[in-house]
Amino acid sequence: MTYSSEAAFAAKRVSVIVPSYNPDEKLASVVSGLEDAGFDDIIVINDGSSPDRLKYFPDPAAHPGLTLLTHEVNRGKGAALKTAFEWFIKNRQDREGVVTADGDAQHRVSDILACAEDMLSSGQLVLGARDFSLPDVPPRSRMGNRITSAVFLVLCGLRVTDTQTGLRAIPAAALPSLCRVNGDRYEYETNMLLALNGYGIKYHEHRIETVYIEENQTSHFRPVRDSLRIYALILKFLLSSGAATIIDLLLFYLLSRFLPSGKYVTLEATVMARIVSSLVNFSINRNVVFRNGGSVWKTLLKYYAFAIPVMFVSAGGVSLLGHIFSANAAWLRTIFKMIIDTVIYFIGFRVQREWVFRQSRRREEVINTARNRAGPPNFVSRTPVRLKKGKTVFKSK
């Protein structure tokens, strides 16, 4: 294929990152295709592949534009990407960004080049988006993507049609932030999307060709285990909210039943139940769900700045529905409360993730400074093993 001069110029302004675990012969074809398109800086990560698969990794001595980074043990795709990002930041300061691509030939070189051009012209992170409505898309991929897209839209306000894409063009300026995103395996790519708004990273999608080779059988994605990793944050928040809700509803029911009846019995029951349940919810969300390491009191202040208005909205909504339907029974008011609190739940996830428990930029800078002082965390030695052509291999833990 012949590429335009503009495309060839774009190829020399970015680096292509290809994480790989137990590859086959397709990896060599991916590297050759990238070289033919004009990419002269290709970073391949061997993520702890077995000895019988090492022969499939291209020899840097035969490919002047290839750098091979090696994990001694399998650490996951997320860890491989972060290893490459950190290496790029330290060694490719003249490049304007990276494009991540899979090594199984499911990303067309023309699409990799197009995403790179789009990123360079827009200055935004570009997500290569496939069309999941096509008939040749494997059912598990279609269903998984639809569910995740819906969850992202409802809970996080992210409009992403391809949540599983491995083809992403990322400006160099965004990489330090993305290195701090949690996750070492497939969940890292999901967490990256969740972190974009919080880091102020603008993004958009670019339509790419939908390619599935052999029903995607070469994928190392484990449907059950990796899906749990991907949804871990949302599941933990759901369980935390569920535990707090059970406590809240139980106390609300008991207080509604046994407190002296009066004009403000609903408000009194709501306030007392919410004080107990909110402290439980705050503790779990801070220490388990969002793992916020900032000041307890500042975070608690923000939490209640949101929780107190929500409490009055909940109480007011229950009272309003009780008045409309002339409902005085405690069990019926409890049902009204369940409906209202379910709606509040979806709003609460976004507010708590993006504001209440968001890591402060100052704390992120402190963490990043400590990491830099400690040296590259992914590498056993700072002393590189040099191959022919001056290319370098780092062996990581």
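1. Focus on the overall build of the chain
When its secondary structure is counted, the chain shows 13 helices and ten strands. Taken across its 397 residues, the chain has 50% of its residues classed as buried. Entry remark: accessible area of the chain is about 19,400 Å², with carbon and sulfur atoms responsible for 59%.

2. A few points about the pairing of strand β3 (residues 66–71)
Among the six residues that make up β3, six are buried, leaving the element largely enclosed by the rest of the structure. Side chains Leu 66, Leu 68 and Thr 70 project from β3 onto one buried face, and the interleaved Thr 67, Leu 69 and His 71 project onto a second face that is buried too.

3. A closer look at helix α9 (residues 232–258)
Given a rise of 1.5 Å per residue, 27 residues ought to cover 39 Å, and the 39 Å separating the end C-alpha atoms of α9 matches this to within 8%. Considering only its buried residues, α9 is in contact with α5 (139–156), α7 (187–196), α10 (265–289) and α12 (330–356).

4. Considerations on the pattern of salt bridges
The tally for this structure, following the rule as stated, stands at 15 salt bridges. Here Asp 24 ties to Lys 26 by a salt bridge, and the two come within 2.7 Å at their closest N and O atoms. Accessibility expressed as a relative area gives 19% for Asp 24, which makes it buried. With a relative accessible area of 13%, Lys 26 lands in the buried category. Asp 341 is the partner of Arg 274 in a salt bridge, and the nearest nitrogen-oxygen pair spans 3.5 Å. Here Arg 274, found in helix α10, pairs with Asp 341, found in helix α12; they are 67 residues apart in sequence, far enough to count as distant. Across the pair, Asp 341 and Arg 274 agree in class, each one buried.

5. Focus on the pairing of strand β2 (residues 42–47)
The side chains of a regular strand alternate, first on one face of the sheet and then on the other. Along β2, six of the six residues are buried, which leaves the element largely enclosed by surrounding structure. What you see with β2 is no split at all: Ile 42, Val 44 and Asn 46 on one side and Ile 43, Ile 45 and Asp 47 on the other are buried throughout. Summarising the sheet, strand β1 (residues 14–20) and β2 pair through five bridges and their orientation is parallel. When the sheet's bridge partners are listed, Val 16 is paired in β2 with Ile 42. Handedness of the crossover joining β1 and β2 through helix α2 (residues 26–36): right-handed. Alignment of β2 against β3, held across six bridges, turns out to be parallel. When the sheet's bridge partners are listed, Val 44 is paired in β3 with Leu 68.

6. Observations regarding the packing of aromatic side chains
Two measures describe an aromatic ring pair: the distance that separates the ring centres and the angle between the ring planes. This model, assessed by the stated rule, comprises five aromatic pairs. Measuring from centroid to centroid gives 5.8 Å for Phe 282 and Phe 357, while their planes differ by 35°, and the two rings are tilted. You can see Phe 282 sitting in helix α10 and its partner Phe 357 sitting in the loop between α12 and α13 (361–374), a full 75 residues away along the chain. Across this residue pair, the class does not change: Phe 282 and Phe 357 are buried.

7. Description of the packing of α5 against α12
With their axes 8 Å apart at the nearest point, α5 and α12 run at an angle of 80° to one another. Considered as vectors, α5 and α12 are oriented roughly perpendicular to each other. Between α5 and α12, the contacting residues are Val 154, Leu 155 and Cys 156 on the first element and Tyr 345, Phe 346, Phe 349, Arg 350, Arg 353 and Glu 354 on the second. For the contact of α5 with α12, a count of residues per class yields six nonpolar, no polar and three charged.

8. As for the packing of helix α11 (residues 296–324) against α12
Two elements in contact, α11 and α12, have axes whose closest approach is 9 Å; the angle formed by their N-to-C orientations is 155°. Considered as vectors, α11 and α12 are oriented roughly antiparallel to each other. Our pair here, α11 against α12, has a crossing hand that is right-handed. Along the contact surface, α11 presents Thr 299, Lys 302, Tyr 303, Ala 305, Phe 306, Val 310, Val 313, Ser 314, Gly 317, Val 318, Leu 321 and Gly 322, while α12 presents Arg 333, Phe 336, Lys 337, Ile 340, Asp 341, Ile 344, Gly 348, Val 351, Gln 352, Trp 355 and Val 356. By residue class, the composition of the contact of α11 with α12 is 13 nonpolar, six polar and four charged.

9. Quick word on a nonpolar patch on the surface
The grouping of Tyr 264, Leu 267, Ile 308 and Phe 312 at the surface amounts to a nonpolar patch, some 380 Å² of accessible area in total. For Ile 308, a relative accessible area of 38% gives the class partly exposed.

10. What to know about the environment of Asp 59
Following the sequence through the fold, Asp 59 ends up in the loop between β2 and β3. Asp 59 sits 31 residues away from Ala 28 along the chain, and the two C-alpha atoms are 9.6 Å apart.

11. Remarks on the nonpolar core
Within the largest apolar cluster, 47 residues are counted, with the highest numbers of intra-cluster contacts made by Ile 17, Phe 85, Leu 125, Leu 158, Ile 170, Leu 178 and Phe 349. Apart from residues lying up to four places away in sequence, Leu 125 is in contact with Ala 169, Ile 170, Pro 171, Leu 178, Leu 196, Ile 201, Lys 202, Tyr 203 and His 204. The next biggest cluster of nonpolar side chains, apart from the first, holds 31 residues, and it includes Val 18, Val 44, Cys 115 and Leu 120.

12. Describing the confidence of the model for the chain
Here the chain averages 82 in pLDDT, while 84% of its residues score no lower than 70. With pLDDT under 50 throughout, residues 365–392 is counted as low confidence; its partners more than four residues away or in other chains account for 48 contacts.

13. Describing the side chain of Arg 95
Relative to the helices and strands, Arg 95 is located in the loop between α3 (77–91) and β4 (97–100). Within the structure, the side chain of Arg 95 is placed 2.9 Å from the backbone oxygen of Val 14, a separation counted as a polar contact. There is a polar contact of 3.0 Å between the side chain of Arg 95 and the side chain of Asp 40. Sequence-distant contacts of Arg 95, that is, excluding residues within four places in its chain, are made with Ala 11, Lys 12, Arg 13, Val 14, Ser 15, Asp 40, Asp 41, Phe 88 and Ala 172.

14. A look at the environment of Val 280
Position of Val 280 relative to the elements: it lies in helix α10. With 35 residues separating them along the chain, Val 280 and Thr 245 place their C-alpha atoms 10.0 Å apart.

Reading guide: rules and limits
Residues numbered from 1 in each chain as written. Predicted model: local features only at pLDDT ≥ 70, side-chain atom pairs only at ≥ 80, totals over all residues. Heavy atoms only, no water. Helix = DSSP H or I, 4+ residues; strand = E, 2+ residues; numbered from the N terminus. Buried < 20%, exposed > 50% of the residue type's maximum accessible area, 1.4 Å probe, protein only. Areas by Shrake-Rupley, 256 points an atom, 1.4 Å probe, with all protein chains shown as cover. Expected span 1.5 Å × (residues − 1). Contact = heavy atoms within 4.5 Å. Salt bridge = Lys/Arg side-chain N within 4 Å of Asp/Glu carboxyl O. Pairing = 2+ DSSP bridges. Right-handed = clockwise from strand over helix to strand, strands pointing away. Phe/Tyr/Trp six-rings, centres within 6.5 Å; stacked < 30°, edge-to-face > 60°. Axes fitted to C-alpha atoms, helices over the stretch in contact; angles between N-to-C directions. Parallel < 35°, antiparallel > 145°, perpendicular 65-115°, else oblique. Nonpolar A, V, L, I, M, F, W, Y, C, P; charged D, E, K, R; others polar. Left-handed = near helix turned anticlockwise from the far one by under 90°. Patch = residues over 30% accessible without salt bridge, like charges linked within 9 Å, V, L, I, M, F, W, Y side chains within 5 Å. Core = buried A, V, L, I, M, F, W, Y, C linked by side-chain atoms within 4.5 Å. pLDDT = per-residue confidence, 0-100. Polar contact = N/O pair within 3.5 Å; in protein donor to acceptor, adjacent residues only side chain to side chain.

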